[in-house]
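What follows is each chain in one-letter form.
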Amino acid sequence: MNQITSKENKGIKEYVKLAKSRSFREETGWFALETVKLLQEALQSGVEILRLYVTPALLDAHPELVEQAQASGAECSLISQELEGKMSQTGNSRGCFAICKRLDKLHHIDKIGKKGRFLFLNGLQDNGNVGTILRTADALGADGVILSKDCCDLYSLKTLRAAMGSAFRVKVYRSFHPKEDLLFLGKDFDTCAAVVDRDACPVTALSFGDSTVLVIGNEGNGLPEEIVSCCRTRITIPMAGKAESLNAAMAAGILTWEMLRPKQP
């Protein structure tokens, strides 16, 4: 294993740029990840590790991860503590950094089929919310998540950290034309727009079918009326307190549970 000490090293510079730049990730087809947990999840999910950078302390603590990465074809290098500080974007990397090949998993909306229960995220800008919703979808058994073109990046470090490996497992679709796509999906699916409106159908009163798309809006502005009007049903979470609305990820979690919970006999 070679050792890198210079912060001018090409691979180190590429890692930092991948961690910070969505356009560079899209240009190269690569993404950056850090922390032992994300590396473990990536290896288990079949993500191709191109390069792995570890500190001596990480190598001592987890030699099996380095061996697994090397066996998969990754180029592995030792880095100094000084370089660890330069590379880390989270402050909790534990000396583990990787450059990976993006999964070919951003499927087009017309590949979704005619059955299943999906989340449609429209214009969400908070990476933590998107990652948390992916994790919730994974945990509760959703058939996939649809991201509008203006959602934040699936492969940003913040999204990946919040998803805790679920970004590698959940089937993800990309919507380039949300209005047209929702009208297209509405031919086979019950499309449900999540809104803050006392006149909308309470989610607890709705019986979700086997073909449902649940649409969640932007953190600050919710769903625009032009999107809501493309959906078959307006649904809301009944609230007894004085809060006007819930965090997008929290609301998505409640709605997803209601959509996916086992039916009572």
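Predicted model only: the values in this text are computed from it and were never measured.

**Q** Sorry if this is basic, but what is going on with the overall build of the chain here?
**A** When you go through the chain residue by residue, the secondary structure sums to 12 helices and 13 strands. With the principal axes as the frame, the chain shows a C-alpha extent of 65 × 40 × 40 Å. For the chain, the proportion of its 265 residues judged to be buried stands at 52%. Restricting to contacts in the chain with at least 6 residues of sequence separation, those with at least 24 account for 79%. Of the roughly 12,800 Å² that the chain leaves accessible, carbon and sulfur atoms contribute 47%. For the chain, the separation between the mean place of its 33 positive charges and that of its 32 negative charges on side chains is 1 Å.

**Q** I would appreciate a short explanation of the packing of aromatic side chains in the present structure.
**A** Within the structure shown, the criterion is met by five aromatic pairs. Centre to centre, the rings of Y15 and F97 are 5.5 Å apart; their planes meet at 80°, and the pair counts as edge-to-face. Separated by 82 residues along the polypeptide, Y15 in helix α1 (residues 10–20) and F97 in strand β5 (residues 96–101) bring together distant segments of the chain. Residue Y15 shares its accessibility class with F97, and that shared class is buried. The rings of F31, Y155 and F168 are connected pair by pair, giving a single aromatic cluster. Taking NZ or CZ as reference, K17 lies 4.5 Å from the ring centre of F24, over its face.

**Q** Whenever I open this one, the state of the cysteines confuses me. Can you help?
**A** Note on terminology: disulfide describes a covalent bond linking the sulfur atoms of two cysteines. Within this structure, the stated rule accounts for zero disulfides. Take C76: it sits in no disulfide, and the sulfur closest to it among the cysteines is that of C96, at 9.9 Å. Free of any disulfide, C192 has its nearest neighbouring cysteine sulfur in C231, separated by 7.8 Å.

**Q** Sorry if this is basic, but what is going on with helix α7 (residues 127–140) here?
**A** Three- or four-residue spacings in an α-helix give side chains the same orientation, since the helix completes a turn every 3.6 residues. The end-to-end C-alpha distance of α7 is 20 Å, a good match for the 20 Å that 14 residues give at a rise of 1.5 Å each. Contacts from the buried residues of α7 go to β7 (116–121), β8 (144–148), α8 (157–163), α9 (166–169), β9 (172–175) and α12 (248–260). For α7, the capping residue at the N-terminal end is D126, with a side-chain oxygen 2.8 Å from the backbone nitrogen of G128. Directly beyond the C-terminal end of α7, a positive phi value near 95° is found at G141.

**Q** How do you make sense of the pairing of strand β12 (residues 211–216) when you look at a structure like this?
**A** Within a regular strand, side chains alternate between the sheet's two faces. The element β12 is extensively covered by neighbouring structure, given that six of its six residues are classed as buried. Along β12, one buried face is formed by S211, V213 and V215 and the opposite face, lined by T212, L214 and I216, is buried too. Across six bridges, β7 lies against β12 in parallel orientation. Following the sheet pairing, G116 is matched in β12 by S211. Here strand β10 (residues 190–194) runs beside β12; their pairing, made up of four bridges, is parallel. Residue D190 lies in a different strand from β12, and its bridge partner there is T212.

The rules behind each value
- Every residue gets a number counted from 1 within its own chain, in the order that chain's sequence is written.
- Only residues with pLDDT of at least 70 are given local features in this predicted model, and only at 80 or more are side-chain atom pairs given and counted; all residues enter the totals for whole chains, interfaces and linings.
- Only heavy atoms go into the side-chain values, all of them from the structure, while hydrogens and water stay out.
- Secondary structure elements are taken from DSSP: a helix is a run of H or I of four residues or more, a strand is a run of E of two residues or more, and numbering for both begins at the N terminus.
- A simple rule labels every residue: compare its accessible area, found with a 1.4 Å probe on the protein chains alone, to the largest value its type can have, and call it buried under 20%, exposed over 50%, or partly exposed in between.
- By definition in these notes, contact holds between two residues if any of their heavy atoms fall within 4.5 Å.
- Accessible surface is estimated by sampling points in the Shrake-Rupley manner with a 1.4 Å probe; for residues, cover comes only from the protein chains shown.
- For this count, His and the chain ends are skipped, Lys and Arg are scored as positive, and Asp and Glu as negative.
- A single reference atom marks each charge: NZ on Lys, CZ on Arg, CG on Asp, CD on Glu.
- Think of it this way: a Phe, Tyr or Trp ring, Trp meaning its six-membered ring, pairs with another when their centres are within 6.5 Å, and the plane angle makes it stacked under 30 degrees, edge-to-face over 60, tilted otherwise.
- Only when the NZ atom of a Lys or the CZ atom of an Arg is both within 6 Å of the ring centre and within 35 degrees of the ring normal do we say a charge sits over the ring.
- A pair of sulfur atoms, both from cysteines and within 2.5 Å, is called a disulfide here.
- What a helix is expected to span follows from its residue count: subtract one and scale by 1.5 Å.
- Think of a polar contact as two N or O atoms within 3.5 Å of one another; within protein, one of them needs to be a possible hydrogen donor and the other a possible acceptor, and neighboring residues in sequence only count if both atoms come from side chains.
- Should DSSP find at least two bridges between two strands, the strands are regarded as paired.

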